[in-house]
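Listed here are the chains, written in short residue letters.
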Amino acid sequence: TNPNEITDEEMGALINDAYMDIAPELNLFTKSNIALTSKAGTLPSDFIEPLRLEWKANGKEIRQIHNINDAGGYIESYFIGDDITIYTDASIADNTQVTLYYKKYPTALSSDNDVPLLPLRFHPALAEVFVKAKYALRKNMLGQYNGLMLIWDDIKREVNRETSIRRNANANYRVRSGW
């Protein structure tokens, strides 16, 4: 990558793009209480995908459906709509609270001192593979871009293997394994 063609701000943005692209492979998990109004609630801004949804009123886990037309077949189900809203079925009480356990995005890198939450040996790949791939695409060097993105996909698979999840008996939800 030619440093004269990419500003520090562009480099920072591309590194953050790489970080968010690899985020699903980091297996970072958390939980959030969501207030439901009219059977719908807003997902957390760091949400990637659900693991489990619990309705504390009856202590049950609510089943996820992937097609809103399937809702009639299940009691206590939910559906992720437009990537920012969660919808529940009619059996869930109105104006209630549910607990969502989910895979999350990390906080974006904002300064030179920030350290990505991935194994140290993968840090250089953010710039050396992903950023170079985006630069090649910008320059219309599609062969180089495709080759670098294949390497990037391999790196993501390796990060996923290295940060694989385990069941934490104390928390009763999945957490990221140590490195």
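Scope of this entry: the structure provided in the associated data block. (Residues numbered from 1 in each chain as written. Predicted model: local features only at pLDDT ≥ 70, side-chain atom pairs only at ≥ 80, totals over all residues. Heavy atoms only, no water.)

1. Points about a negative patch on the surface
On the surface, Asp8, Glu9, Asp112 and Asp114 cluster together to form a negatively charged patch. As for its position among the elements, aspartate 8 is in helix H1 (residues 8-22). (Patch = residues over 30% accessible without salt bridge, like charges linked within 9 Å, V, L, I, M, F, W, Y side chains within 5 Å. Areas by Shrake-Rupley, 256 points an atom, 1.4 Å probe, with all protein chains shown as cover. Salt bridge = Lys/Arg side-chain N within 4 Å of Asp/Glu carboxyl O. Lys, Arg positive; Asp, Glu negative; His and termini not counted. Charge placed at Lys NZ, Arg CZ, Asp CG, Glu CD. Helix = DSSP H or I, 4+ residues; strand = E, 2+ residues; numbered from the N terminus.)

2. A look at the nonpolar core
Core analysis: the largest hydrophobic core is formed by 20 residues, its most contacted members being Ile22, Leu118, Trp152, Ile155 and Val159. Listed by contribution, the elements that provide at least two residues to this core are H1, helix H2 (123-138) and helix H3 (142-162). Excluding its chain neighbours within four sequence positions, the residues that come into contact with tryptophan 152 are Ala18, Asp21, Ile22, Ala125, Leu126, Val129 and Phe130. (Core = buried A, V, L, I, M, F, W, Y, C linked by side-chain atoms within 4.5 Å. Buried < 20%, exposed > 50% of the residue type's maximum accessible area, 1.4 Å probe, protein only. Contact = heavy atoms within 4.5 Å.)

3. Re H3
The end-to-end C-alpha separation of H3 is 30 Å, in line with the 30 Å expected for 21 residues at 1.5 Å each. Within H3, burial applies to Tyr145, Leu148, Met149, Trp152, Ile155, Lys156 and Val159. Looking down the long axis of H3, one finds its buried residues gathered within 115° of arc, a one-sided arrangement. Facing away from the buried side of H3, by more than 90 degrees, are the exposed residues Gly143, Leu150 and Arg161. (Expected span 1.5 Å × (residues − 1). Arc of directions from axis to C-beta.)

4. Structural notes on unusual backbone geometry
Even without being a glycine, asparagine 27 presents a positive backbone phi close to 55°. Note that asparagine 27 resides in the loop between H1 and strand S1 (29-35). On the accessibility criterion, asparagine 27 (5% relative accessible area) is buried. Its identity is not glycine, yet lysine 39 carries a phi of approximately 70°, on the positive side. Among the structural elements, lysine 39 can be located in the loop between S1 and strand S2 (40-42).

5. A word on the packing of aromatic side chains
Across all of its chains, the model carries two aromatic pairs by this definition. An angle of 40° between the planes, with centres 5.8 Å apart, marks the rings of phenylalanine 47 and tyrosine 102 as tilted. In this pair, phenylalanine 47 sits in strand S3 (residues 47-55) while tyrosine 102 sits in strand S7 (residues 97-104), placing the two residues 55 residues apart along the sequence. Judged by its relative accessible area of 10%, phenylalanine 47 is buried. (Phe/Tyr/Trp six-rings, centres within 6.5 Å; stacked < 30°, edge-to-face > 60°.)

6. As for the pattern of salt bridges
Under the definition given, this model contains eight salt bridges. One salt bridge connects arginine 52 with glutamate 54, and the closest N-O pair in it is separated by 2.9 Å. One network of salt bridges, with partners in common, ties together Arg121, Glu158, Arg161 and Glu162.

7. Focus: the sheet that holds S1
Taken together, the seven strands give an open sheet; going across it, the order is S1-S7-S3-S4-S5-S6-S2, and neighbouring strands pair in mixed fashion. Unpaired on one side and paired on the other, S1 and S2 mark the two borders of the sheet. Across the sheet, the mean angle from the axis of one strand to that of its neighbour is 35°, orientation sign disregarded. (Pairing = 2+ DSSP bridges. Axes fitted to C-alpha atoms, helices over the stretch in contact; angles between N-to-C directions.)

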